[in-house]
Structures are given as structure tokens and as C-alpha cells.
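As a plain string of letters, each chain reads:
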Amino acid sequence: MACEDLVAGCFAGDLAPFGVHPLDEERALEYMICCRKNQMSWAQAAEQITNYLQGKGCTPERIVSDLEMARQKLQPWLD
């Protein structure tokens, strides 16, 4: 399974932010582990998350907000 296939599981539906719900937090951890195994950078993860959110029709403001939440959880492990 490619890491981008795990991105959707990090969001509890279209309205929930990245990794906030406990199940989403576990899925975000799974996504982070996949990214590390594949030696992805934060920039690559951010691109996958952005692509997912754009595909869901999220506003640019929502994308920025979710990327900030994801950055806090993922960047320390991916850079």
C-alpha cells in the first residue's frame, strides 16, 4: 500500500481536522510510519495531504489549517 492511500484515514470525515479524533490519530501514526519507511520528507507528505484535500474540494484556508496540524504531528519525524 502506498502512503498516499493512508491519508484519507487521518481525517474523520470531510469536516474533521488532521489526526484530531483518536482513531484518526492512530491512522496518522500509521501514515507517519509509512512515510518514514519510504524515506519521505515533510514536503512530500504535505504534497500528498494537499492533493487529498484539494480532491475533496477543501478551501485554501482549510488546506493551510490542516497542513499546520499535520506539520506539528509529522514534520519532526520526517525531516
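What counts and how
- Residues numbered from 1 in each chain as written.
- Predicted model: local features only at pLDDT ≥ 70, side-chain atom pairs only at ≥ 80, totals over all residues.
- Heavy atoms only, no water.
- Helix = DSSP H or I, 4+ residues; strand = E, 2+ residues; numbered from the N terminus.
- Expected span 1.5 Å × (residues − 1).
- Buried < 20%, exposed > 50% of the residue type's maximum accessible area, 1.4 Å probe, protein only.
- Arc of directions from axis to C-beta.
- Contact = heavy atoms within 4.5 Å.
- Axes fitted to C-alpha atoms, helices over the stretch in contact; angles between N-to-C directions.
- Parallel < 35°, antiparallel > 145°, perpendicular 65-115°, else oblique.
- Left-handed = near helix turned anticlockwise from the far one by under 90°.
- Nonpolar A, V, L, I, M, F, W, Y, C, P; charged D, E, K, R; others polar.

## Comments concerning helix α1 (residues 22-37)
Line of reasoning, step 1. Helix length check: α1, at 16 residues, gives a terminal C-alpha distance of 23 Å against a target of 22 Å (1.5 Å per residue), a fit within 8%.
Line of reasoning, step 2. Among the residues of α1, Asp24, Ala28, Tyr31, Met32, Cys34 and Cys35 are the ones counted as buried. Buried residues along α1 cover an arc of 160° about the axis, so they all sit on one side. Every exposed residue of α1 that faces more than 90 degrees away from the buried side is listed here: Pro22, Glu26 and Lys37.
Line of reasoning, step 3. In the core, the buried residues of α1 are packed alongside α2 (42-55) and α3 (60-78).
Line of reasoning, step 4. Downstream of α1 by one or two residues, Gln39 has phi in the positive range, about 55°.

## Some remarks on the packing of α2 against α3
Line of reasoning, step 1. Packing of α2 against α3 leaves a shortest axis separation of 10 Å and a crossing angle of 150°. One finds that α2 runs roughly antiparallel with respect to α3. Handedness of the crossing formed by α2 with α3: right-handed. Of α3, the residues touching α2 (which contributes Trp42, Ala45, Ala46, Ile49, Thr50, Leu53 and Gln54) are Arg62, Ile63, Asp66, Leu67, Ala70, Arg71, Leu74, Gln75 and Leu78.
Line of reasoning, step 2. Here the contact of α2 with α3 is composed, by residue class, of ten nonpolar, three polar and three charged.

## Quick look at the packing of α1 against α3
Line of reasoning, step 1. The interhelical angle for the contact between α1 and α3, taken along N-to-C directions, is 25°, at an axis separation of 10 Å. When the axis of α1 is compared with that of α3, the two are roughly parallel. Two packed elements cross with a definite hand, and for α1 against α3 that hand is right-handed. Between α1 and α3, the residues in contact are Glu25, Ala28, Tyr31, Met32, Cys35 and Arg36 and Lys73, Leu74, Trp77 and Leu78, respectively.

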